[in-house]
Amino acid sequence: MELRGKAHTFGDDINTDYIISGKYKFRTLDMNELGKHVMEDLDPDFSSKVRPGDFLVAGKNFGCGSSREQAPRALLASGIRAVLARSFARIFFRNAINCGLAVIECDTSRIESGDELVIDFSSGEVSDLSNGEIVVARPLPTIMIRILEEGGLIPYFKKYGTFQEV
Amino acid sequence: MGKTISEKIFSEKTGRSVTAGDLVIADIDMAMGQDGTTPLAIRSFQEMNGQGVFDPKKIALVIDHNAPSPLEAVSELHDQIRHFADKYGLRIFDAGCGICHELMVSEGLVVPGDLVIGADSHTCTYGALGAFSTGVGSSELAAVMIAGKLWFKVPESIRVILEGRLPKGVYSKDVALALAAEIGADGANYQALEYSGPVVDALSVEERLTLTNMAVEMGAKAGLMAPDEKTRQWLSSRINKPCRLIAPDPDAVYAREVRLDCSRLTPRVALPHQVDTVVPIEEVGEVPIRQAFLGTCTNGRTVDFQVAASILYGRSVHPSVRLIAAPASRAVFLEAVRKGWAETIVQAGGMLVTPGCGPCVGTHQGVPGDGWNVISTANRNFKGRMGNNKAFIYLASPATVAVSAITGRITDPRGFLA
């Protein structure tokens with residue numbers, strides 16, 4: 001599988017309150033509504049800049065904070081297809097896979113906003129077409145690949161009804 | 001090779017000897033959801049074609065984050081939780097009962113050696129009792145409610161040794177903040193913290209919960225302590241089953257060791273907007289405050305109300321400050337009434353709100369105004385955390401919060417203690 005999209009860059013320690021503020025998530029389960037507010041405390045125009053299929057690129061500890069699954073789901077609803085970061089907070093990382101949002105742990109230091117990126121999931125390579133550089137992502141554990149391949153935990157559970165041996 | 005507490009619990013739950021790094025599927029002893037995460041879990045449960053729950057006695061739902069409801073839409077979500085609990089016979093704690101993490105431990109739903117998941121990041125709190133407890137998302141809560149198990153990577157552990165003795169005016173919250181500064185907001189990512197040392201031994205169970213509560217603020221999957229006689233005693237009135245103690249092996253293998261000499265510690269303050277940007281209170285400078293908040297799953301327990309009330313007794317909250325106090329549970333509230341702490345707080349000019357999460361997450365009850373400085377006993381000071389991204393949140397101990405409420409600026413509590 002290959003994905004191609006444009007990068008929107010942010011810094012280190014992007015927490016779940018920045019991704020989607022608590023003041024919205026307690027009111028509604030409508031992800032399209034939440035998608036309009038993603039990242040707005042850091043960039044009020046963010047959701048209007050995203051084109052479907054774009055990537056969010058960040059530094060270390062992306063998704064720290066709350067366990068709210070609304071964070072990856074609202075990112076998906078905003079059109080973001082994958083998040084690339086130097087490292088992820090663990091609950092967000094699991095939630096993203098469970099929602100079918102691709103999370104790629106790799107060196108993101110040379111990627112700039114607006115760069116065109118291609119992610120090759122079979123080789124784990126991220127190519128930056130704008131600066132010609134290629135970085136290799138850290139591979140996922142097998143169970144996460146299986147959940148992602150099914151499209152997330154809901155379709156996985158619909159199919160198997162429980163967790164398959166790892 | 002010896003095992004850490006985490007490795008011992010996962011070995012027991014999987015029926016084989018496992019070590020850090022192993023991927024396992026393990027049986028869950030308790031699962032918890034709160035009102036911010038459960039409605040989405042119910043929807044996931046339905047979309048997964050869930051026909052029933054694995055064991056209604058092992059699931060608890062708590063309406064605490066946005067309770068009582070400030071909006072029709074929220075009431076509707078609360079109704080969904082209520083109906084789901086009624087349909088499957090689950091234990092539910094409705095608005096007014098208190099905060100999920102306080103209830104899980106004080107109602108005896110967690111015992112040493114348990115494996116617990118909760119759809120809230122501060123589920124790591126129960127590690128103070130010697131349980132492996134960790135936060136998950138809504139879909140994983142749904143999966144656990146159906147199957148009773150979840151996959152885990154057995155984490156490496158960081159051994160945290162808290163040496164010395166806490167000086168007067170320095171509390172477990174100050175230790176938690178000092179550790180966040182030492183380890184960093186992602187320094188324990190994917191790992192477990194295992195706390196030990198004379199300071200842990202000397203702390204009450206309530207004070208220990210403050211430490212493990214903040215493990216996730218360092219990225220940790222769990223924060224654990226070996227339970228002791230104090231734990232057994234504390235649990236004895238809450239559980240009706242035997243309490244089995246669990247301890248790490250002397251030759252357990254740790255990823256690394258962090259030692260903190262607490263004897264020389266002074267009160268600590270986390271500056272906006274990062275929990276690991278922590279300074280000794282002497283270095284805070286002149287910070288006038290508009291709001292002070294006592295409460296949350298970190299510091300809303302009886303010991304915290306006792307400390308705050310002892311400082312507020314006979315004194316007045318500064319005229320430009322709003323002091324909001326939210327007891328962590330109905331039991332804490334009642335204790336505050338019985339002991340006169342509630343009267344002291346209100347008499348001083350503060351206000352008490354419903355037992356629960358209060359203003360911490362910014363959904364109701366005490367959203368700060370633009371440019372306000374807030375001093376809070378909570379665990380997070382992210383920008384926008386309390387509902388306004390133009391406010392500035394400082395984190396400190398209940399003593400520092402109470403003293404600052406009186407003086408109107410962030411103040412060292414040590415000069416105010418009897």
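The structure we're discussing is the one just above.
Everything numeric here is computed off the predicted structure, so don't read it as measured data.

**Some details on empty space enclosed by the protein**
Residues and elements named next belong to chain B.
Then comes step 1: If you walk through the whole model with that rule in mind, you get six cavities of 30 Å³ or more.
Then comes step 2: By volume, the largest cavity is sized at about 190 Å³.
Then comes step 3: Around the largest cavity sit 22 residues that line it, and H65, D120, H122, V361 and R385 are the ones nearest its centre.
Then comes step 4: Elements represented by at least two residues in the lining of the largest cavity include exactly α4 (100-106) and α10 (296-299).
Then comes step 5: Residues belonging to the lining of the largest cavity are distributed by class as follows: seven nonpolar, nine polar and six charged.

**Examining the sheet that holds strand β10 (residues 222-225) of chain B**
All names here are of chain B.
Then comes step 1: Here four strands make up an open sheet; going across it, the order is β10-β9-β8-β11 and the pairing parallel. Edge strands, defined here as strands with exactly one partner in the open sheet, are β10 and β11 (256-261). The average undirected angle you get between the axes of adjacent strands in this sheet is 25°.
Then comes step 2: Bridge count between strand β8 (residues 157-163) and strand β9 (residues 192-196): five bridges; the pairing is parallel.

**What to know about the interface of chain A and chain B**
Then comes step 1: If you look at the interface, chain A gives 47 residues, while chain B gives 56 residues.
Then comes step 2: For the pair chain A and chain B, the number of links is three salt bridges.
Then comes step 3: Here D17 of chain A makes a salt bridge to R385 of chain B, at a shortest N to O gap of 3.2 Å.
Then comes step 4: If you look at where chain A meets chain B, you find 20 residue pairs in polar contact (both at pLDDT 80 or more).
Then comes step 5: Elements with a minimum of two residues in the side of chain A that touches chain B: α1 (16-19), α2 (22-25), α5 (70-78), α6 (90-99), α7 (142-149) and α8 (153-160) of chain A.
Then comes step 6: Grouping the constituent residues of the side of chain A that touches chain B by class yields 17 nonpolar, 15 polar and 15 charged.

**Structural notes on the environment of V83 of chain A**
Residues and elements named next belong to chain A.
Then comes step 1: In this fold, V83 is placed in strand β3 (residues 82-85).
Then comes step 2: Considering only alpha carbons, one finds V83 and F93, 10 residues apart in sequence, at a separation of 9.8 Å.
Then comes step 3: Once you skip the residues sitting within four places of it in the chain, V83 turns out to touch L56, F62, L75, F88, L101, A102, V103 and I104.

About the thresholds
Residues numbered from 1 in each chain as written. Chains lettered and ligands numbered in written order. Predicted model: local features only at pLDDT ≥ 70, side-chain atom pairs only at ≥ 80, totals over all residues. Heavy atoms only, no water. 1 Å grid on protein atoms, 1.4 Å probe; cavity = no way out; pocket = protein on both sides within 12 Å on 5 of 7 lines; lining within 4 Å. Points joined across faces, edges and corners; volume = space filled by probe spheres on them. Helix = DSSP H or I, 4+ residues; strand = E, 2+ residues; numbered from the N terminus. Nonpolar A, V, L, I, M, F, W, Y, C, P; charged D, E, K, R; others polar. Pairing = 2+ DSSP bridges. Axes fitted to C-alpha atoms, helices over the stretch in contact; angles between N-to-C directions. Contact = heavy atoms within 4.5 Å. Salt bridge = Lys/Arg side-chain N within 4 Å of Asp/Glu carboxyl O. Polar contact = N/O pair within 3.5 Å; in protein donor to acceptor, adjacent residues only side chain to side chain.

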